[in-house]
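Below are the chains, spelled out letter by letter.
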Amino acid sequence: MNDLSRREALGLIGPALLATTLPLHAQSGQSLKIGFGMALSGGLAAGGKASLIAYQIWADDVNAKGGLLGRKVELVHYDDQSSAATVPGIYSKLLDIDKVDIVVSGYATVPTAAAMPIIIQRGKTFMSLFALAVNDKFRYDRYFSMLPAGPEAKYAFSRGFFELVATLDPKPQTVAFTGADAEFSILCLEGARENAKKIGLKTVYDRSYPPNTIDYTPIVRSIKAANPDIVFYASYPPDSSGLIKATHEVGLSARMLGGGMVGLQFAALKTQLGPMLNNIVYYEVYVPEPSLQFPGIEQFVTRYRERAAKEGVEPLGFYLPPFAYAEMQILEAAITAAGSLDDAKIAEQLRTKTFPTVVGDLKFGAGGEWAEPRILSAQFQGIVGNDVEQFKQPGKQVVLWPAKYKSGELKVPFEPIKR
Amino acid sequence: MSVVAKTAKDEVARSATRGGWLGPLLAASIGAALIAATFLVLDWLGTDYAYLAAYTVLQFVVLATAWNILGGYAGYVNFGSAGFFAIGVYTSVVVYQTIQLPILATIPLAAATAGLVGFATGYLTLRLRGVFFSIATLALAIVLQTLIVNWDWVGGARGVYVLRPQTVPVFGSYARYLFAVMLGLAILSVLIARLVENSWLGQGLAAIRDDEVAAECSGVPSLWLKLMATTLSGALMGAAGAPFPYFITYVDPNTAFSLSIAVNTIAMPLIGGTTTWAGPVIGALLIGSLQQYATVTISSAANLLIVGVLLVVFVIIAPNGIIGLITSIRERRQ
Amino acid sequence: MAVSWDLLINAVLSGLLLGGFYAAVAVGVTIAFGMLDIVNIAHPAFIVLGAFIAYWLNSSYGIDPLLASLLAAPFAFLGGRALYRLYYYAFERRGEESLQGLAFFFGILFIVEVSLLLHFGVDYRTVEAAYIGPSVDLPFSLSVPLRLLTPLLVGLAMVLAIQIFLSRTFIGRAILAVSQDPGALRMVGGNPVKVKEIAFGIAIATAIIAGALLIIIQPVEPSVGREFIGRVFAICVLGGMTSLAGTVLAAMILGVAESITTTFWGPSWAPAVAFSILLITLAVRPSGILGR
């Protein structure tokens, strides 16, 4: 049926092999280049796009002031598609072909972890954004993490929650846990269980669900049947939404409910869930409360919102953008203080100095994590309707812990909306 | 061209496809020349990036060739290639966590595990229509993913770190080493495919593809042939997965079971041509390079869109792929 | 594990509700694959497309999602007919077998999904309606979320309507005839190609409606369709390929199996259980429950 001779077949393969050189013909120019992969598609894209806007605002700011080390800053980035597989290729292209001067990570753990071997091999100083516990295995001394969780991340997301539980009177007895079969949830629950044990709570339910669960009612119903005083969820954005909706549907009530719920920091879920969020205790990294008025944060958020509106990206800008901007502020300060692009000198600066940023004064500690963790425990209070404007005001996302940033009082219990 | 010369040329061509001694010798020498040329070109470009990009493309050569042994030769579509690939990946992870063998020793283990699973799946479903086999492979991939996600020891859903040495003796950078390993696998898989194609196994599979009932009536042991093809195909896909943990260093189920692998593994042979070993190779080289190019130039969601559109267009216009197009142009000229 | 009757009953109930939705999702595949032998892998992509159409009409114009899907259904019908035409001219007419046809639909699946991604992005989208949120309390401490009840009712109504169409109208009976013996149909003056075209159009229309049901139940983003590929074919096969009643039965079984596993053994194992059912069915009784 097919008469293609071997010679012809090989003849075709020759040109096809030449096609493999295609990727190498995509190039760039002079100026101070900062290279990174960023998730602009795939599961992490919402955060990735928001972070990219923050980086771009910073680049514009720096160039308006005359650049970095007297050179114009240029951001060189590629879409890592939220996957580890594209990352080695992207970072080797950035370093070998585009010849960027500085590299930073993309958003979140998976793309960051996949870049580490190349980074370590080349001895580059590397800042990462919201990547969880990446350096625990590598122990690389030129790694610096912009994640408010600090060196003991697994406890950070639940410590505030359970310290608040400990203040309740009468003392609660039982707790229920649930979370996704995925990296953050698993880590968060490990820490949560220990935090709960420390204050003497008894576990009455502890099960996980697969990441593509449709229906959360069976899970929430099982939790309700166990009758816990405290309910702790460790969830990703779609689960957070599903769990909260199921909670109201099934009519689950508790003294305190919430936990390490990713997604509640984004406008999409805040507006979608609206009043269903009332009295849920969750974690934030930044909210417009009077106790968190860092210098420059308000102006930054306003400028971010202008650009985000144009690009149809996350409109509130509380979760990633301020920290992405702060990351670049720190990098700028370190490079300027070092006076050069030498990785060892930059790393030295990053290790030793305290940096003023739009999210406060920051210092790095062991392993490149924040010396002082700052995961805030907050509570939604007084949410009415689904409008986004209310979330831009203080008083709706009240910070309860730590004491340094406290801006209101804990309201208990959590009651589902009456039907 | 003189009659003598033309006859000699035809003789070579004919013996090349039929597999006499001249054919393999020709293939081996051309193959060796190509290998040397590739290394020279890549060394000249001198960068790890070239090696890593080429690694991915070659990985698809192996996957596409493996898929085609069952899909193109026998006509049975495997939608679960990501599952077999992931078996290779996680066998490699298990080895890394326990006995720490070098990659070259891990590859046969991964191939054996994946081949075994292929055999088992085939045994359960190949007695039925081809479509049910396809659906079963889809289901298999999902079941495997659920199992891995629940297996904490290989990292479960959390993922696992696989640390690799910075340099390797002889090869220098690790990227170069990985590239060499995958190049070896690619050549091996193509040789195996060619061997199958020209053997009694290949002829039997072709008979099954054309008309399974008729083949059975004329005595072709279709179940056993299909089982062999499934096992071989699965084993090669597992082999392709074995070096992957060392390539990305952070293995989580989403990356290992990536749907991009399942799509590409099917698109590449269909675009290149399914009836012969050269088709998947051409498809993989072209589409793979295109995707690597797209990754560093345009947005990536469009990347998959391109693959999907190309797949549909080729399947409608050129159902026998690029090879089919060329054959029909040649036939029309004659 | 102590079997609490309360939990069990609620689990079974949830499963049945989910099953009604699964039936709506799978009926299109029963028609296209079971009756017409067209392996439309892209069916779940059309479901997601339907979900996004409902989302778009709901968020831009405030139209109720169910109404939106009914508005979209005629267009889906015409689109399905056009798609079948293309499939017929490219594959069935030439006699090219399932390999290229499968690949064709696989490509369509990707094109639809990636186009949705490029247009809507990766965020989860939801719809607003009066029946999303409240529940109905029944005796024996049962509670039925309207968000699940509505898709059950609409889904079953749709399947029933199709069943009536197939058994009572001329075209419907022609479709059944085509699935059994196209040659015989030609002999009595029917045009098999046109009949298959209409049937496929109906199948795609059901997908669009099922999409609206999906987004009522849960938030949707473009890649959720992949979870359904296996479920949909599993239900079709388990139900016996050509039988609509079988589809409903199989959908209920799958829904209850997933729900019970979720409640008692933890949600992690639900997908594996569902597909193990498929593999076992194929190995033990490939003709399904109500198949011939």
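Everything numeric here is computed off the predicted structure, so don't read it as measured data. (Residues numbered from 1 in each chain as written. Chains lettered and ligands numbered in written order. Predicted model: local features only at pLDDT ≥ 70, side-chain atom pairs only at ≥ 80, totals over all residues.)

### Section: the overall build of chain A
For clarity, the cut-off: Numbering of helices and strands starts at the N terminus; helices are DSSP runs of H or I of at least 4 residues and strands are runs of E of at least 2. Values of the radius of gyration come from C-alpha atoms, whereas the globule rule sets the reference at 2.2 Å times the count of residues to the power 0.38. Any residue with 12 or fewer other C-beta atoms within 10 Å of its own C-beta is exposed, any with 20 or more is buried, and the rest are partly exposed; the C-beta atoms used are placed from the backbone. A pair of residues counts as a contact when their C-beta atoms, built from backbone coordinates, are separated by no more than 7 Å.
Scanning chain A from N- to C-terminus turns up 13 helices and 14 strands. Over its C-alpha trace chain A gives a radius of gyration of 24 Å, about what one expects of a compact globule, namely 22 Å for 419 residues. For chain A, buried positions account for 59% of its 419 residues. Of all intrachain contacts in chain A linking residues separated by at least 6 positions in sequence, the fraction that spans at least 24 positions is 72%.

### Examining the overall build of chain C
Helices and strands together make up the secondary structure of chain C, namely eleven helices and two strands. Listed by position from the N terminus, the elements making up chain C come as α-α-α-α-β-β-α-α-α-α-α-α-α. A compact globule built from 292 residues would reach a C-alpha radius of gyration of about 19 Å, and chain C, at 19 Å, matches this within 12%. Long-range pairs, those at least 24 residues apart, make up 77% of the contacts in chain C with a sequence separation of at least 6.

### Considering helix α5 (residues 146-168) of chain C
The condition that has to hold: Here the expected span of a helix is defined as 1.5 Å times the quantity of residues minus one.
Across its 23 residues, α5(C) extends 32 Å between first and last C-alpha, which sits within 8% of the 33 Å expected from 1.5 Å per residue. On the buried face of α5(C), the contacting elements are α1 (5-35), α3 (65-92), β2 (142-145), α6 (170-180), α8 (192-217) and α10 (244-265) of chain C.

### Thoughts on the sheet that holds strand β3 (residues 102-107) of chain A
Residues and elements named next belong to chain A. How we decide: The pairing criterion for strands is at least two bridges between them, as found by DSSP. Where helices are involved, their axes are fitted lines through C-alpha atoms of the stretch in contact, as for all axes, and angles between N-to-C directions lie from 0 to 180°.
Sheet architecture is open: five strands sit in the order β2-β1-β3-β4-β5, paired in parallel fashion. The open sheet terminates on both sides in strands that have one partner only, identified here as β2 (73-79) and β5 (143-146). Averaged over all pairs of adjacent strands, the angle between their axes in this sheet comes to 20°, without regard to strand direction. Relative to strand β4 (residues 126-129), β3 runs parallel, the two sharing three bridges. Residue V103 lies in a different strand from β4, and its bridge partner there is F126. Helix α4 (residues 109-122) rests against β1 (32-38), β3 and β4 of the sheet, and its axis sits at about 155° to β3.

### Details of the domain arrangement of chain A
Note: interface size is frequently given as the accessible area lost on complex formation between the parts. All names here are of chain A. Note the cut-off: Domain start and end points were adopted from an automatic or database domain assignment. Each residue is assigned to one class: nonpolar for Ala, Val, Leu, Ile, Met, Phe, Trp, Tyr, Cys and Pro, charged for Asp, Glu, Lys and Arg, and polar for all the others, Gly among them.
Here the domain parsing of chain A yields domain 1 (27-150 + 305-368) and domain 2 (153-291 + 374-405). Here the C-alpha centre of domain 2 lies 30 Å away from the C-alpha centre of domain 1. Taken together, the 15 residues of domain 1 in the interface contact 16 residues of domain 2. Tallied by class, the residues present in the side of domain 1 that touches domain 2 amount to twelve nonpolar, two polar and one charged.

### Here we look at the pairing of strand β11 (residues 354-357) of chain A
What you see with β11(A) is a clean split: F355(A) and T357(A) sit on the buried side and T354(A) and P356(A) on the side with no burial. What sits between β11(A) and strand β12 (residues 360-363) of chain A in their antiparallel hairpin is a turn of two residues.

### Here we look at the packing of helix α2 (residues 43-61) of chain C against helix α9 (residues 225-238) of chain C
Residues and elements named next belong to chain C. The line we're drawing: Oblique is the label for every angle not falling under 35 degrees (roughly parallel), over 145 degrees (roughly antiparallel), or within 65 to 115 degrees (roughly perpendicular). Take the far helix as the reference: if the near one is turned anticlockwise from it by less than a right angle, the crossing is left-handed, and if turned clockwise, right-handed.
At a minimum axis distance of 8 Å, the contact between α2 and α9 shows a crossing angle of 130°. With respect to α9, the axis of α2 lies oblique. Crossing hand, α2 versus α9: right-handed. Note on element contacts: α9 touches α2 through G225, R226, F228, I229 and V232, opposite H43, P44, A45, I47 and V48. Here the contact of α2 with α9 is composed, by residue class, of seven nonpolar, two polar and one charged.

### Quick word on the interface of chain C and chain B
The interface is formed by 34 residues belonging to chain C together with 35 residues belonging to chain B. Among the secondary structure elements, those contributing two or more residues to the side of chain C that touches chain B are α4 (98-120), α9 and α11 (270-284) of chain C. A per-class count over the side of chain C that touches chain B returns 24 nonpolar, seven polar and three charged.

### Description of helix α6 (residues 130-149) of chain B
The terminal C-alpha atoms of α6(B), which comprises 20 residues, lie 29 Å apart, in line with the 28 Å expected from a rise of 1.5 Å per residue. In terms of burial, α6(B) is a largely internal element, 18 of the 20 residues being buried.

### A word on the environment of K245(A)
Tracing the backbone shows K245(A) in helix α9 (residues 237-250). C-alpha separation for the pair K245(A) and K154(A), spaced 91 residues apart in sequence, amounts to 26 Å.

### Let's talk about the pairing of strand β7 (residues 202-209) of chain A
Residues and elements named next belong to chain A. Definition in use: Note on handedness: a clockwise path from strand one over the helix to strand two, with the strands aimed away from the viewer, defines a right-handed crossover.
Across seven bridges, strand β6 (residues 174-180) lies against β7 in parallel orientation. Counterpart to F177 in the pairing with β7 is D206. As for the winding sense of the linkage, the β-α-β connection from β6 through helix α7 (residues 183-198) to β7 is right-handed.

### Some details on unusual backbone geometry
Residue and element names in this part refer to chain A. Between D169 and P170 the backbone carries a cis peptide bond, its omega angle lying at 5°. Tracing the backbone through its elements, the reader meets P170 in the loop between α6 (153-166) and β6. Omega for the peptide link from W401 to P402 comes to 0°, which places this bond in the cis form. Mapped onto the secondary structure, P402 falls in the segment after β14 (397-401). Although it is not a glycine, A133 sits at a positive phi angle of roughly 55°. Mapped onto the elements, A133 comes out in the loop between β4 and α5 (135-138).

### So, the packing of helix α3 (residues 87-97) of chain A against α4(A)
Relative orientation and spacing of two packed helices are given, respectively, by the angle between their axes and the distance between those axes. Residue and element names in this part refer to chain A. Interaxial distance between α3 and α4 falls to 8 Å at its minimum, and their mutual angle equals 40°. Taken together, α3 and α4 sit at an angle that is classed as oblique. Taken as a pair, α3 and α4 cross one another with a handedness that is right-handed. Within the contact between the two elements, α3 uses V87, P88, Y91, S92 and L95 and α4 uses P111, A114, A115, I118 and R122. The residue makeup of the contact of α3 with α4, split by class, is eight nonpolar, one polar and one charged.

### Topic: the confidence of the model for chain C
Residue and element names in this part refer to chain C. To keep it simple, the criterion reads: Scored from 0 to 100, pLDDT records how confident the predictor is in each individual residue.
With 93% of its residues at a pLDDT of at least 70, chain C reaches an overall mean of 84. Least confident of the elements in chain C is helix α7 (residues 182-187), whose mean pLDDT is 72; most confident is α2, at 93. With a pTM of 0.81, the predicted complex shows an ipTM of 0.78.

### As for the environment of G184(B)
Mapped onto the elements, G184(B) comes out in helix α7 (residues 174-198). Placed 113 residues apart in sequence, G184(B) and G71(B) show a C-alpha to C-alpha distance of 23 Å.

### Side note on the confidence of the model for chain A
Looking at chain A as a whole, its pLDDT mean stands at 89, while 92% of the residues score no less than 70. Across chain A, element-level confidence peaks in β4(A) with a mean pLDDT of 96 and bottoms out in helix α1 (residues 6-19) of chain A with 61.

### A closer look at the environment of R129(B)
Assignment of secondary structure puts R129(B) in the loop between α5 (103-125) and α6. For the pair R129(B) and Y76(B), spaced 53 residues apart in sequence, the C-alpha to C-alpha distance is 9.2 Å.

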